[in-house]
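One letter stands for each residue in the lines below.
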Amino acid sequence: KGFWLPVGRRIRIEDVSPEGEDDERRLVLTTLGRHHLRNGSRFPLTFYGTNHVLLDNYTHRALVLDRFRLEITTATEEFFVADASGGHVLLS
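What counts and how
- Residues numbered from 1 in each chain as written.
- Predicted model: local features only at pLDDT ≥ 70, side-chain atom pairs only at ≥ 80, totals over all residues.
- Heavy atoms only, no water.
- Helix = DSSP H or I, 4+ residues; strand = E, 2+ residues; numbered from the N terminus.
- Rg over C-alpha atoms; globule rule 2.2 N^0.38 Å.
- Buried < 20%, exposed > 50% of the residue type's maximum accessible area, 1.4 Å probe, protein only.
- Contact = heavy atoms within 4.5 Å.
- Areas by Shrake-Rupley, 256 points an atom, 1.4 Å probe, with all protein chains shown as cover.
- Core = buried A, V, L, I, M, F, W, Y, C linked by side-chain atoms within 4.5 Å.

Student: Go over the overall build of the protein chain with me, naming the residues and quoting the values.
Tutor: What the protein chain contains, in helices and strands, is zero helices and six strands. In sequence order, the secondary structure elements of the protein chain are arranged as β-β-β-β-β-β. Taken over C-alpha atoms, the radius of gyration comes to 12 Å for the protein chain, in line with the 12 Å a tight globule of 92 residues would show. Taking the principal axes of the C-alpha coordinates as reference, the protein chain spans close to 40 × 30 × 25 Å. Within the protein chain, buried positions represent 40% of all 92 residues. The long-range fraction of contacts in the protein chain, counting pairs at least 24 apart against all pairs at least 6 apart in sequence, stands at 62%. With the model as given, the accessible surface of the protein chain reaches about 5500 Å², and the carbon-plus-sulfur share is 47%.

Structural data, given as structure tokens:
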């Protein structure tokens, strides 16, 4: 069966922070509760209300890691450092 991504859906953020060491570093978003997105899927999302200059009102790429975590990269799939503990994302 096909996979349907609910564009415009709002997901609340529990935490955004870097994980890992050196070449294995990645920026991970932990959701406040399960996000119900398929593991391994990739999609754009836009951040709001995080109070972080590199996140708010920007569209980044997400990769679903598990039922609570997403890996966040730039639109060109590059790592960047950010830290937040609130706000939400909209699937776009």
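The rest of the description comes next.
Student: Explain the nonpolar core to me, and be specific about the residues and the numbers.
Tutor: Membership of the largest hydrophobic core comes to 19 residues, with the highest contact counts inside it found for V16, L29, F43, L45, F47, L70 and I72. At the level of secondary structure, the elements contributing two or more residues to this core comprise β1 (10-19), β2 (26-31), β3 (42-48), β4 (59-64), β5 (69-73) and β6 (88-91).

Student: For unusual backbone geometry, give the residues involved together with the corresponding values.
Tutor: Backbone geometry at N51 places phi at a positive 65 degrees, although glycine is not the residue there. Along the chain, N51 falls in the loop between β3 and β4. A residue is classified by how much of its surface remains accessible, and N51, at 75% relative accessible area, is exposed. In the Ramachandran plot, E77 falls in the positive-phi region, its phi being about 60 degrees despite a non-glycine side chain. Of note, E77 is situated in the loop between β5 and β6. The exposure class of E77 is partly exposed, given its relative accessible area of 45%.

Student: I'd like a rundown of the environment of P6, residues and numbers included.
Tutor: Following the sequence through the fold, P6 ends up in the segment before β1. Relative accessible area serves as the criterion here: at 15%, P6 is assigned to the buried category.

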